[in-house]
Amino acid sequence: MKNERGLVLDVQSSKDADGANVIVWKSDGKLNQQWKIEYVDADTIQNGLIPDKPFKIISKMKAGRAITRSRNNVIIKDANKGDKDQEFVFDSQSGSIQPRRDHTLSMDIGEEGRNRYAQFAKEKDIWYQHFQIKGEYMVNERGLVLDVAGGRDKNNQNVLVWKKHNGLNQKWKIDYV
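What counts and how
- Residues numbered from 1 in each chain as written.
- Predicted model: local features only at pLDDT ≥ 70, side-chain atom pairs only at ≥ 80, totals over all residues.
- Heavy atoms only, no water.
- Helix = DSSP H or I, 4+ residues; strand = E, 2+ residues; numbered from the N terminus.
- Rg over C-alpha atoms; globule rule 2.2 N^0.38 Å.
- Buried < 20%, exposed > 50% of the residue type's maximum accessible area, 1.4 Å probe, protein only.
- Phe/Tyr/Trp six-rings, centres within 6.5 Å; stacked < 30°, edge-to-face > 60°.

### A look at the overall build of the chain
Move 1: Counting its secondary structure elements, the chain contains zero helices and 14 strands.
Move 2: Along the chain, helices and strands appear, N-terminal first, in the series β-β-β-β-β-β-β-β-β-β-β-β-β-β.
Move 3: Its C-alpha atoms give the chain a radius of gyration of 20 Å, clearly above 16 Å, the size a compact globule of 177 residues would have.
Move 4: Principal-axis analysis of the C-alpha atoms gives the chain an extent of 60 × 35 × 35 Å.
Move 5: Looking at the chain as a whole, 41% of its 177 residues are labelled buried.

In structure tokens form, the structure reads like this:
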């Protein structure tokens, strides 16, 4: 944790004891300058998502399009504040991403995980419906990530699951609504 002058938080004299002073000092990379952040209500965050809190999944490609439910298909479209087909929730009971207005469905890998296309299907609480946020990726239990087909940043482009390759078409951010 650095300030604008490049100084870091430092436990003075490396004293690992209750009541030790914390100061700012030049970085030396030692343990007395290394910190871990723990969120107070971390137990409410599961798989990188806050259960039951509505969110949009936004592509990190230039246009910033949102994952959109089109019937049972998963596509990207321009992010639209009023588009309810772009709002999802994470269901902590099933471990799945569901459309906000239809909790009987879950984001799913087609043909019971044997295909590459993402879809919405009846919620079953099974591996091909379990996704989580890992950094900028939406990853399923088998390590496949959500991927905008062909890297094409255009409306109505399909979303697939694919092996991670670090392209922008596989990077996402969560915007809570």
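Still to come is the rest of the account.
### Overview of the packing of aromatic side chains
Move 1: Evaluated as defined, the whole model comprises three aromatic pairs.
Move 2: Aromatic side chains F55 and Y176 sit 6.0 Å apart centroid to centroid with 70 degrees between the ring planes, which places their arrangement in the edge-to-face category. Of this pair, F55 sits in strand β3 (residues 55-59) while Y176 is found in strand β14 (residues 172-176), placing the two residues 121 residues apart along the sequence.
Move 3: Given the relative accessible area of 0%, F55 is considered buried.
Move 4: Where W127 meets Y128, the ring centres are 5.6 Å apart and the plane angle is 85 degrees; that geometry is what we call edge-to-face. Take W127 and Y128: they sit in the same class, and that class is buried.

### Some thoughts on the environment of G167
Move 1: Checked against the element boundaries, G167 lands in the loop between β13 (157-162) and β14.
Move 2: By relative accessible area, G167 is classed as buried at 17%.
Move 3: Residues G167 and K56, 111 residues apart in the sequence, show an inter-C-alpha distance of 20 Å.

### Focus: unusual backbone geometry
Move 1: Non-glycine residue S14 carries a positive phi angle of around 55 degrees.
Move 2: Its location among the elements puts S14 in the loop between β1 (7-11) and β2 (22-26).
Move 3: The exposure class of S14 is partly exposed, given its relative accessible area of 46%.
Move 4: Here D52, not a glycine, exhibits a phi torsion of approximately 65 degrees, which is positive.

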